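The primary structure of each chain is shown beneath.
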Amino acid sequence: MTQFAEWLSQTSLSLAIQSHEWVIPTVQSVHIIAIAGVLGSVFMIMLRILVRAGRDQTLAQTTARFGPWLSWALCVLMVTGVVMVVGEPARQLLALSFWLKMGLVVIGTAVAV
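Conventions used here
- Residues numbered from 1 in each chain as written.
- Predicted model: local features only at pLDDT ≥ 70, side-chain atom pairs only at ≥ 80, totals over all residues.
- Heavy atoms only, no water.
- Helix = DSSP H or I, 4+ residues; strand = E, 2+ residues; numbered from the N terminus.
- Rg over C-alpha atoms; globule rule 2.2 N^0.38 Å.
- Buried < 20%, exposed > 50% of the residue type's maximum accessible area, 1.4 Å probe, protein only.
- Contact = heavy atoms within 4.5 Å.
- Areas by Shrake-Rupley, 256 points an atom, 1.4 Å probe, with all protein chains shown as cover.
- Core = buried A, V, L, I, M, F, W, Y, C linked by side-chain atoms within 4.5 Å.
- Patch = residues over 30% accessible without salt bridge, like charges linked within 9 Å, V, L, I, M, F, W, Y side chains within 5 Å.
- Salt bridge = Lys/Arg side-chain N within 4 Å of Asp/Glu carboxyl O.

Student: What is the right way to look at the overall build of the chain in this model?
Tutor: On a plain count of helices and strands, the chain comes out with six helices and zero strands. When the helices and strands of the chain are placed in sequence order, the string is α-α-α-α-α-α. Compactness check: the chain gives a C-alpha radius of gyration of 17 Å against a globular reference of 13 Å for 113 residues, more than 25% above the reference. Considered along the principal axes of its C-alpha atoms, the chain spans approximately 55 × 25 × 15 Å. Considering the chain as a whole, with its 113 residues, one finds that 28% of them fall into the buried category. Nonlocal contacts in the chain, meaning residues at least 24 apart in sequence, comprise 67% of its contacts between residues at least 6 apart. With the model as given, the accessible surface of the chain reaches about 8000 Å², and the carbon-plus-sulfur share is 73%.

Given below as structure tokens:
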């Protein structure tokens with residue numbers, strides 16, 4: 001993985017991201033906002049499943065309401081995550097926390113499906 005991270009850090013796209021100091025902090029900010037969108041959407045759907053909120057709506061209506069927010073936020077997370085990995089490959093790919101997070105994403109996706 002170290003060799004791949006070194007190779008990736010020398011690609012033209014990675015060098016372009018690294019050469020602009022504002023890119024990574026901006027992408028991280030958007031990434032965090034997207035995380036809030038995902039968590040908020042999932043929270044609202046879960047509250048409806050647990051019959052704690054939205055009792056005047058069916059589960060299908062609640063999912064139709066918050067599903068697009070969830071989908072768009074997940075897309076933004078994927079794009080910003082790729083940009084962060086390309087911009088700082090060694091920091092991301094060599095960190096145990098990154099791989100734990102990716103494992104949890106896989107588990108969460110499997111449970112959701």
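Picking up where we left off.
Student: What should I look at first to understand the nonpolar core in this one?
Tutor: The tendency in soluble globular proteins is for nonpolar side chains to be buried as a group. Formed by Ile-17, Val-23, Ile-24, Val-27, Met-84 and Val-86, the largest nonpolar core amounts to six residues. Of all the elements in the fold, those that place two or more residues in this core are α3 (23–49) and α4 (59–87). The element contributing the most residues to this core is α3, with three residues. For Met-84, the contacting residues outside a window of four places in its chain are Ile-24, Val-27, Gln-28, His-31 and Gln-92.

Student: Help me understand a nonpolar patch on the surface, please; the structure alone is not making it clear to me.
Tutor: A cluster of nonpolar side chains, namely Met-1, Phe-4, Trp-7, Leu-94, Trp-99, Met-102 and Val-105, defines an oily patch on the protein surface of about 720 Å² accessible area. Where the nonpolar patch is concerned, the elements lending two or more residues are α1 (2–9) and α6 (96–112). If one sorts the elements of the nonpolar patch by residue count, α6 sits on top with three residues. Secondary-structure assignment places Trp-7 in helix α1.

Student: Hey, could you run me through unusual backbone geometry in this one?
Tutor: For residues besides glycine, phi is generally negative; the peptide bonds are generally trans as well. You will see that Val-51, though not glycine, has its phi angle at about 60 degrees, which is positive. Relative to the helices and strands, Val-51 resides in the loop between α3 and α4. On the basis of relative accessibility, which here comes to 42%, the residue Val-51 falls in the partly exposed class.

Student: Please clarify how the environment of Gly-87 should be interpreted in this entry.
Tutor: Considering the arrangement of structural elements, one finds Gly-87 in helix α4. For Gly-87, a relative accessible area of 4% puts it in the buried group. In this structure, the C-alpha to C-alpha distance between Gly-87 and Ser-19, residues 68 residues apart in sequence, is 9.4 Å. Gly-87 has contacts with Ser-14, Ile-17, Gln-18 and Ile-24, leaving out every residue within four places of it along the chain.

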